[in-house]
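Residue-level structure breakdown
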Amino acid sequence: MTRLSTVGGLLAQAAATYAFTCQSSAGATYNATSTYLGCYTGGTSILSAAKLSTIAMTPQLCTTWCGERGFAYGGVVFGTFVATTPQRQEQCFCDHQPNYSMSKKVADTQCSDLCTTDPSQRCGGGYIMSLYQITNAEASTGASLFTPACLTSPLCSHQVCDTSLSTSARIASLISELTEEEKILNLVDAAAGSSRIGLPPYEWWSEATHGVGSAPGVQFTNMPNNFSYATSFPAPILSSAAFDDDLIFQIGEVVGREGRAFGNNGFAGFDYWVRNAFSSNAADY
Ligand SMILES: *[C@@H]1O[C@H](CO)[C@@H](O)[C@H](O)[C@H]1NC(C)=O
Ligand SMILES: *[C@@H]1O[C@H](CO)[C@@H](O)[C@H](O)[C@H]1NC(C)=O
Ligand SMILES: *[C@@H]1O[C@H](CO)[C@@H](O)[C@H](O)[C@H]1NC(C)=O
C-alpha cells in the first residue's frame, strides 16, 4: 500500500502543477535565432544538460528545442549509437555553457552528414557536433525542462488533448489528423511528432533493464550535477538467481522512482525499454 501510494503521489503532484487553459499564446510560438560556432569533436561532452533524438532533426529544430528550455547553446550530432549494430541517431544537445575540455575544433567539412528528413541541411557528423549559440534563448522557468505537450499551443486545441473523451477517441483523432508522411515518421523510436499540429518529437528508446541506463532517450549530465547517474542494479539474470520476489519488487520500486524523476525533469522519456529474456549481448549488462 505504501509503495503504491508513493507512486500515486508523484503522479498527482505532476498533474497538480499543470493547471492550464488552452490559449493560442501557450508554448510553441518560440523560434530560435542562432550563430554557428563551428564543428567540434568530442560531440556529446560539450553540451550535456539536455538531449533530443528525432528523425526530423535539423539545426533549427535543435536550437529552438534548446532555446525554449532556456539554454544558450545547442548542437547537432549524427552519431552511431551502437557500434555492433549501427543505429544512426541524429541527436540534439543543449547546455547553458559549452565545455570544451574533451573537444577540439575541426574543419567544417567533418560536420557533413545530411539530416535524414531534410537532406538540404547538415546535421553534424559521427560523434562530431555542429555547435550553435542561441541569441534569443528564453529565460528558463527553472521549474522543469518538461512541459506536457497538451499544455502547449497549437496541440492543446486538438481533440487529442480533450480529457473528457475516451483514450481511444483521443488516439483515433490524433491519427486521423496526421498525414501519411507524418505517420511514417512516427513509426521509429526517434519519432518526429508533427510540428504542423504541435505534436513534439519523442524518443521512445529510454532503457531501464537494471536501472535507468544509457540510451538515445536518456540524458546523463556531467558530474557532479543532478542526473549525472542513476542506481545500477545487477543484471536481471543475476538478480533472478536470488529467487527473492520481494527483492525484485524493491529494485523495481527504485528504478521506477528514478525513471519518473528523470522523465519529470526532461532527462528521459516516460516509457522504458527492458529486456524480458536472456540476451548474450554484453552491452545489456
Ligand atoms: C525560424 O527561424 C528560421 C531562421 O531564422 C527561419 O528560417 C524559419 O523559417 C523560422 N521558422 C518559423 C516557423 O518561423
Ligand atoms: C568539463 O568537463 C570535464 C570532463 O568531463 C570536467 O572534469 C569538468 O569539471 C567540466 N567543467 C565544467 C566547468 O563543468
Ligand atoms: C540538485 O538538486 C537539489 C534539489 O533541487 C539542489 O538543492 C542541488 O543544488 C542540486 N545540485 C546540483 C549539483 O545542481
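Residues numbered from 1 in each chain as written. Chains lettered and ligands numbered in written order. Predicted model: local features only at pLDDT ≥ 70, side-chain atom pairs only at ≥ 80, totals over all residues.

- Taking an unreviewed UniProt entry as the reference, the protein chain is identified by name as WSC domain-containing protein belonging to Meristemomyces frigidus.
- Its UniProt record gives the protein chain a comment under Sequence similarities (unreviewed entry), which states: "Belongs to the glycosyl hydrolase 3 family." (UniProt positions renumbered as here; feature names shortened; annotations may be inferred.)

1. Concerning the overall build of the protein chain
- From N to C terminus, the protein chain includes seven helices and eight strands.
- Taken across its 285 residues, the protein chain has 34% of its residues classed as buried.
- A separation threshold of at least 6 residues defines the contact pool for the protein chain, and within that pool the share at least 24 residues apart is 70%. (Helix = DSSP H or I, 4+ residues; strand = E, 2+ residues; numbered from the N terminus. Buried ≥ 20, exposed ≤ 12 C-beta atoms within 10 Å, placed from the backbone. Contact = placed C-beta atoms within 7 Å.)

2. Things to note about the nonpolar core
- In terms of nonpolar packing, the biggest core is built from 36 residues, with Met57, Cys66, Phe71, Tyr73, Cys92 and Cys94 touching the most fellow members.
- Of all the secondary structure elements, the ones that give two or more residues to this core are strand 1 (34-40), strand 2 (50-53), helix 3 (59-67), strand 3 (73-80), strand 4 (88-95), strand 6 (129-134) and strand 7 (190-191).
- Contacts of Phe71, omitting those with residues within four sequence positions, involve Ala49, Ala50, Cys66, Cys94, Asp95, His96, Ile134 and Ala137.
- Among the nonpolar cores identified, the runner-up in size contains 12 residues, and Ala208, Val212, Val218 and Tyr272 belong to it. (Core = buried A, V, L, I, M, F, W, Y, C linked by C-beta atoms within 7 Å.)

3. Considering the environment of Ile128
- Relative to the assigned elements, Ile128 resides in the loop between strand 5 (105-106) and strand 6.
- Judged by local crowding, Ile128 falls into the buried class, with 24 C-beta atoms found within 10 Å.
- Discounting residues that sit within four places of it in the chain, Ile128 has contacts with Cys39, Tyr40, Thr41, Gly43, Val77, Val106, Gln110 and Cys111.

4. Focus on the pairing of strand 6
- Across the six residues that make up strand 6, a large majority, five, are buried.
- Note that strand 1 and strand 6 share six bridges and pair antiparallel. When the bridges of strand 6 are listed, Ser34 appears paired with Ile134. (Pairing = 2+ DSSP bridges.)

5. What about the confidence of the model for the protein chain?
- Summary statistics for the protein chain give a mean pLDDT of 83 and a share of 82% for residues scoring 70 or more.
- For the protein chain, helix 1 (residues 2-16) is the element with the lowest average pLDDT, namely 36, and helix 4 (residues 167-177) is the one with the highest, namely 97.
- Between residues 1-17, whose pLDDT stays under 50, and residues either more than four places distant or in other chains, the model counts four contacts.
- The model gives residues 278-285 a pLDDT under 50, and that stretch makes five contacts with residues more than four places away or in other chains. (pLDDT = per-residue confidence, 0-100.)

6. Regarding unusual backbone geometry
- That bond from Ser153 to Pro154 is cis: its omega, 5 degrees, falls within 30 degrees of zero.
- Here Met223 and Pro224 are connected by a cis peptide whose omega angle stands at 5 degrees.
- When you line up the elements, Pro224 lands in the loop between strand 8 (202-203) and helix 6 (236-239).
- A positive phi angle is found at Tyr127, which is not glycine, with a value near 60 degrees.
- Structurally, the position occupied by Tyr127 is in the loop between strand 5 and strand 6.
- Under the C-beta neighbour-count criterion, Tyr127 is labelled partly exposed, with 14 such atoms within 10 Å.
- Despite not being glycine, Phe227 shows a phi value in the positive range, around 65 degrees.
- Residue position: Phe227 is located in the loop between strand 8 and helix 6.

7. Side note on the pairing of strand 1
- Pairing of strand 1 with strand 5, which is carried by two bridges, proceeds in the antiparallel orientation. The partner of Cys39 across the bridge, within strand 5, is Val106.

8. Observations concerning helix 7 (residues 245-264)
- Its 20 residues place the ends of helix 7 28 Å apart at the C-alpha level, agreeing with the 28 Å of an ideal helix rising 1.5 Å per residue.
- Taken residue by residue, helix 7 has Val255, Gly259, Phe262 and Gly263 as its buried positions. All buried residues of helix 7 lie within an arc of 90 degrees about the axis, which places them on one face of the element. Away from its buried face by more than 90 degrees, helix 7 exposes Asp246 and Phe249.
- Just downstream of helix 7, Gly266 is the residue with a positive phi angle, here 80 degrees. (Expected span 1.5 Å × (residues − 1). Arc of directions from axis to C-beta.)

9. So, the environment of Cys94
- Considering the arrangement of structural elements, one finds Cys94 in strand 4.
- Sequence separation between Cys94 and Cys62 is 32 residues, and the spatial gap between their C-alpha atoms is 8.3 Å.
- Sequence-distant contacts of Cys94, that is, excluding residues within four places in its chain, are made with Leu47, Ala49, Ala50, Cys66, Arg69, Phe71, Tyr73 and Gly74.

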